[in-house]
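# Summary of structural features
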Amino acid sequence: MKMALSALVVLVASLGASGNRLKLVRKPSVVSDDVIEPPSTLDGFGDKADGKSKTHFELVDEKVIQVVELESCFCGLGNFYHTEKKACVEQGGIGFNCSSFPKDQWPKLCQDGLICKIADDAAPSEAQCVDCNPNDHCQWGEDRQKAFCEKAFELRGQACATVKATIPEVLMRASVTKSVTVSAVGTKTTHAKVTATSTVTAENVSADVTAEAEKKATAKASAKETGYAEATVKNKAKANASAVESAEVAVTKTSKAEADGKVLGVGAHVKEEASAKVARTGVAVESVEAEAEGEGKAGAMSVKEVKDVPGEATAKAKAKASATADSTVTGEATADMMVEFKKTAEKTSTETRSAAASSQGTATAKSCAVPDLGATQGKARSAKEAEYFAAKSMEKAYKAASEAALKKAKENAREAALAQASEQAGKDAVVAATAVASHEASEAARKAAMEGGKAYAEEVARKKAQEKATEVATLAAKEIAKKLAAKKAGKSAGAEAEAKAEKEAKSKAEEAAEEEAAKEAKKLAKDAAQSEATAKATKLAQEDATKKAEEQARTSAAEKAKKSAAKIATENAEKDAAEQAKEMAAQKAAKSAKNKAEEGAKIAAQMSLPGGVMGKEEVPPMKPVLVQDEKRPALRKA
C-alpha cells in the first residue's frame, strides 16, 4: 500500500527587521484511501505591515515536497537501522552486544536463529545475541522481515516558495552639475545715405522680329479619273405554262347479294358478300399563269477626263529674323535707408544643484530547497520523519526567498529614489545655468551691435546704391541695343515673308486646280458608271423575274394536273369496283344457293328410302344447314 504524505510543521522564521513572522500550519486532507494531500495554502504572514511603515511580505506561489510510502522496508533482509550511524548495517551474530540499543529494537538486531538476551548471571549491560530456543518463538526469513519491517518513505521533488517583499520608502540625495550654452542676438538700427554710379556696356544684344506677308496666285490643271458603281434593280414578270399529268388509283369496293336455288323440289335461299379491287389511271391537262419578282445586281466602271480646270489660292507667310547690336550707358543711384544690424553672442554657464527623493521598493524572489537526508538516498524511516524533512525544506525555501526578495527590494528602492533625486537636481541645475548664461549672452550681444552698427549700415547702403545704378544702366543699355537689333532684323524678315507667301500661294493654287479637276472627273466617271450599272441590273432583274415566273407556272400547272388526274382515276376506279363487286356477289350467291339446294335434295332422297323416316325406320336426325346470316334450317318444303 502506497501513501503520499506532505506535512508542514509549525515553524517560526524571522523574515526581516520588521519582525514579521511566517506561520506554517499543518492541515492535511484525505484525497483517496492511500493519498494524503498537503494543504495548498499557508496562513498569511506580514498582514499587519502595509509596506509603508513596515516591510510587507506576500507569498505569491509555493510548491511542496511529495511524500510517498514505499512497499519495501527501509532496511533490506539481514540488516537493521543504526540510529547513531544513520544507516542500515548487518544484523549481529552470536555474541553481538545489543545492550546499547533500545529494547524495542532488540528483535531486529540479531541474525536469523538468534535472539538478544541477558544471561541469568550477566549484568544488564551484557545483553548479546544467542541461539533461539523453542520457547522464544523466533521468526525466520521473510516472515521475520515482514513482522518487523519499517516501511520506507520517499521524498520526491523539492520545496519552492515565491515571495514578494515591499519595503517602506528610502530617502536618497543627489547633486548634479549641468553646463548650458545660450546664444543671444543684439539688434541696432542705423540711418545711411550713399550715392553711386555704374557704367554698363550691353554687347551682342539680340532681337527677334517676325514679319507677315500675303500673296495671291492662279493655276490650271487636267485630270483623268476612273469611276465604279453598283446597282440593284427589282422587276416583276408574268408567264403561262401547261402540264399533262397521269395518276393511277386502286379502289376496293364490297357488295352483298341474295339468291334462291331449287333442286328436286328442295329450295335454298342464300346471302353472300364479295369485294372487288380495281385500279384505274386518270390523265389531265391544266394551264396556269404565274407572276414573279426578280432582282438584278450589276457593277460598271467608267473613265472620264477633264482639261484646263482653273484653281486660285491666297497664302500668308511669316518669317523670323534675328540681329545683334551693342550699347554703353552710365547709370546713377542713391540709397537712403535704415539698416538693421544684428550681432550674435554665445555664453556658457555651469551650475550645481542638489535634491532629495524617496521611493518604495518591491521585488519578488523564488527559492527552492531539497531535504537533507544524508546517506538514506532520499528516504525516511517514518511518516513523521518525512514530514519533518519536508517542513525543514519548505522553511529553508521560504527563508531564502524572503531574504532575496528583501535584498532586491532595498536595491530597487535605492535605485528608484536616486534616479528621481538625480532627475530633479539635473532639472534645477539646468534652469539655474540657463538663467545665468542667457543674461550674459544678451549683454554681450547688445554691446557688439552698438559698436558695429554705423559702419555696417554705410556698407549696406553703398552696395544697394551700386546695385541699383548697375541695374538702371543695364536695362537702358539693353533697351537701346535691342531697338537697334530689331530694326536690322525687320528688313530681313519682311523680304523673306513675301517670298514664302508667293511660293506657298502658287503651290496652293496648283493643288486647288488639281483637286477641282480630279473631283469633276471623278463625278463624271461615277455618273457614267452608275447609269451603265443600272441598265445592266434592270436587264438581269427582268430575266430573273421571267425565269422565276415560268418556273412557278410550270410547277403550279403540274401540281394542278396531277390532282385532276388523281380525281378522275379515283372516280373511274370506284365506279368499276362497285359494278364488279355487285356482279361477283350475285354469282357467288347463286352458286351457294344451288349447292345448298342440292344438299337438301340428297337428304330428302335418303329420308324416302326403306328404313328411312318415311319407311318407318329410325334414321339419324338431320343436321340443319344454316343459311348465312340466318339461324334457321335451310331445308324447306317445295
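Not measured: the values here are computed from a predicted model.

### Some words on the overall build of the protein chain
Within the protein chain, the regular secondary structure consists of three helices and 15 strands. For the protein chain, the residues scored as buried account for 35% of the 638 residues in total. The contacts of the protein chain with a sequence gap of at least 6 include a subset with a gap of at least 24, amounting to 85%. In the form shown here, the protein chain has an accessible surface area of approximately 39,000 Å², with 49% of it arising from carbon and sulfur atoms.

### Concerning the packing of aromatic side chains
For the structure on display, the rule yields five aromatic pairs. Centre to centre, the rings of Phe74 and Tyr81 are 5.3 Å apart; their planes meet at 80°, and the pair counts as edge-to-face. Neither residue differs from the other here; Phe74 and Tyr81 are each classed as buried. Aromatic pair Phe341 and Tyr456: ring centres 4.8 Å apart, planes at 45°, arrangement tilted. Of the two residues, Phe341 is situated in strand β14 (residues 266–369) and Tyr456 in helix α3 (residues 383–608); the sequence distance between them amounts to 115 residues.

### Here we look at the pairing of strand β8 (residues 79–82)
Summarising the sheet, β8 and strand β9 (residues 87–90) pair through four bridges and their orientation is antiparallel. In the strand pairing of β9, His82 is matched with Ala87. Connecting β8 to the antiparallel partner β9 that follows it, the hairpin turn spans four residues, and Lys86 within it adopts a positive phi of roughly 60°.

### What to know about the environment of Gly227
Position of Gly227 relative to the elements: it lies in strand β13 (residues 159–263). On the basis of relative accessible area, Gly227 is assigned to the buried category, the value being 4%. For the pair Gly227 and Ala528, spaced 301 residues apart in the sequence, the C-alpha separation amounts to 7.8 Å. When neighbours within four sequence positions are excluded, Gly227 is seen to be in contact with Ala300, Met301, Ser302, Ala525, Lys526 and Ala529.

### Examining α3
For α3, which comprises 226 residues, the first-to-last C-alpha distance of 151 Å sits more than 12% below the rise-based estimate of 338 Å (1.5 Å per residue). The principal kink in α3, of about 50°, is found at Gly453.

### Comments concerning the environment of Thr434
Take Thr434: it is sitting in helix α3. Excluding residues within four positions of it along the chain, Thr434 makes contact with Val180 and Val182.

### Description of the nonpolar core
Within the largest apolar cluster, 26 residues are counted, with the highest numbers of intra-cluster contacts made by Leu155 and Ala386. Among the secondary structure elements, those contributing two or more residues to this core are β12 (151–156), β13, β14 and α3. For this core, the element with the most residues is α3, which contributes 11 residues. Filtering out sequence-adjacent residues up to four positions away, Ala386 remains in contact with Val67, Phe153, Leu155 and Ala380.

### What about a nonpolar patch on the surface?
On the surface, a nonpolar cluster with roughly 290 Å² of combined accessible area is contributed by Val244, Val283 and Val285. Within the element layout of this structure, Val285 appears in strand β14.

### Quick look at a negative patch on the surface
Where like charges cluster on the molecular surface, the negative patch consists of Glu510, Glu511, Glu514, Glu515, Glu516 and Glu520. Inspection of the secondary structure puts Glu511 in helix α3. We classify Glu511 as partly exposed; its relative accessible area is 48%.

### What about the pattern of salt bridges?
All told, the structure shown has 21 salt bridges when counted by the stated rule. A salt bridge links Glu340 to Lys342, with the shortest nitrogen-to-oxygen separation between them at 3.8 Å. On the accessibility criterion, Glu340 (45% relative accessible area) is partly exposed. Residue classification places Lys342 among the exposed positions, given a relative accessible area of 51%.

### Here we look at the state of the cysteines
On inspection of all chains with the given rule, the structure shows six disulfides. Here Cys132 pairs with Cys138 through a disulfide, and the sulfurs are 2.1 Å apart. For the disulfide bridge between Cys132 and Cys138, the dihedral angle about the S-S bond is near -85°, and by the sign convention the bridge is left-handed. Each disulfide of the protein chain joins two cysteines, and with those cysteines numbered along the sequence the arrangement is 1-10, 2-3, 4-6, 5-7, 8-9, 11-12.

### Considerations on the sheet that holds β13
Pairing is antiparallel in the open sheet, where three strands are placed in the order β6-β13-β14. Edge positions in the sheet fall to β6 (56–63) and β14, since each of these pairs with one other strand and no more. Here the average twist between neighbouring strands, direction ignored, is 20°. Alignment of β6 against β13, held across seven bridges, turns out to be antiparallel. The residue of β13 that forms the bridge with Glu62 is Ala161. The sheet contacts of α3 involve β6, β13 and β14, and relative to β14 the element is tilted by about 180°.

### Let's talk about the side chain of Ser198
Mapped onto the elements of the fold, Ser198 is located in strand β13. Judged by its relative accessible area of 10%, Ser198 falls in the buried class. In terms of polar contacts, Ser198 uses its side chain to reach the side chain of Thr470, at 2.8 Å. The residues contacting Ser198, other than those within four sequence positions of it, are Val329, Thr330, Gly331, Gln466, Ala469, Thr470 and Ala473.

### Details of the side chain of Glu62
Its place among the elements puts Glu62 in strand β6. In this structure the side chain of Glu62 is engaged in a polar contact, spanning 2.5 Å, whose partner is the side chain of Tyr398.

### A look at unusual backbone geometry
Positive phi values are uncommon outside glycine, yet His137 reaches one of about 50°. With respect to the secondary-structure elements, His137 resides in the loop between β11 (128–131) and α2 (141–147).

### Observations regarding the environment of Ala518
Topologically, Ala518 is positioned in helix α3. Distance from Ala518 to Lys224, taken between C-alpha atoms, is 6.9 Å for residues 294 residues apart in sequence. Leave out the neighbours within four places in its chain, and Ala518 touches Ala223 and Glu225.

Reading the values: rules and limits
Residues numbered from 1 in each chain as written. Predicted model: local features only at pLDDT ≥ 70, side-chain atom pairs only at ≥ 80, totals over all residues. Heavy atoms only, no water. Helix = DSSP H or I, 4+ residues; strand = E, 2+ residues; numbered from the N terminus. Buried < 20%, exposed > 50% of the residue type's maximum accessible area, 1.4 Å probe, protein only. Contact = heavy atoms within 4.5 Å. Areas by Shrake-Rupley, 256 points an atom, 1.4 Å probe, with all protein chains shown as cover. Phe/Tyr/Trp six-rings, centres within 6.5 Å; stacked < 30°, edge-to-face > 60°. Pairing = 2+ DSSP bridges. Expected span 1.5 Å × (residues − 1). Bend = angle between axes of the 7 residues up to and from the residue. Core = buried A, V, L, I, M, F, W, Y, C linked by side-chain atoms within 4.5 Å. Patch = residues over 30% accessible without salt bridge, like charges linked within 9 Å, V, L, I, M, F, W, Y side chains within 5 Å. Salt bridge = Lys/Arg side-chain N within 4 Å of Asp/Glu carboxyl O. Lys, Arg positive; Asp, Glu negative; His and termini not counted. Charge placed at Lys NZ, Arg CZ, Asp CG, Glu CD. Disulfide = S-S within 2.5 Å. Axes fitted to C-alpha atoms, helices over the stretch in contact; angles between N-to-C directions. Polar contact = N/O pair within 3.5 Å; in protein donor to acceptor, adjacent residues only side chain to side chain.

The analysis is restricted to geometry; functional conclusions fall outside its scope.
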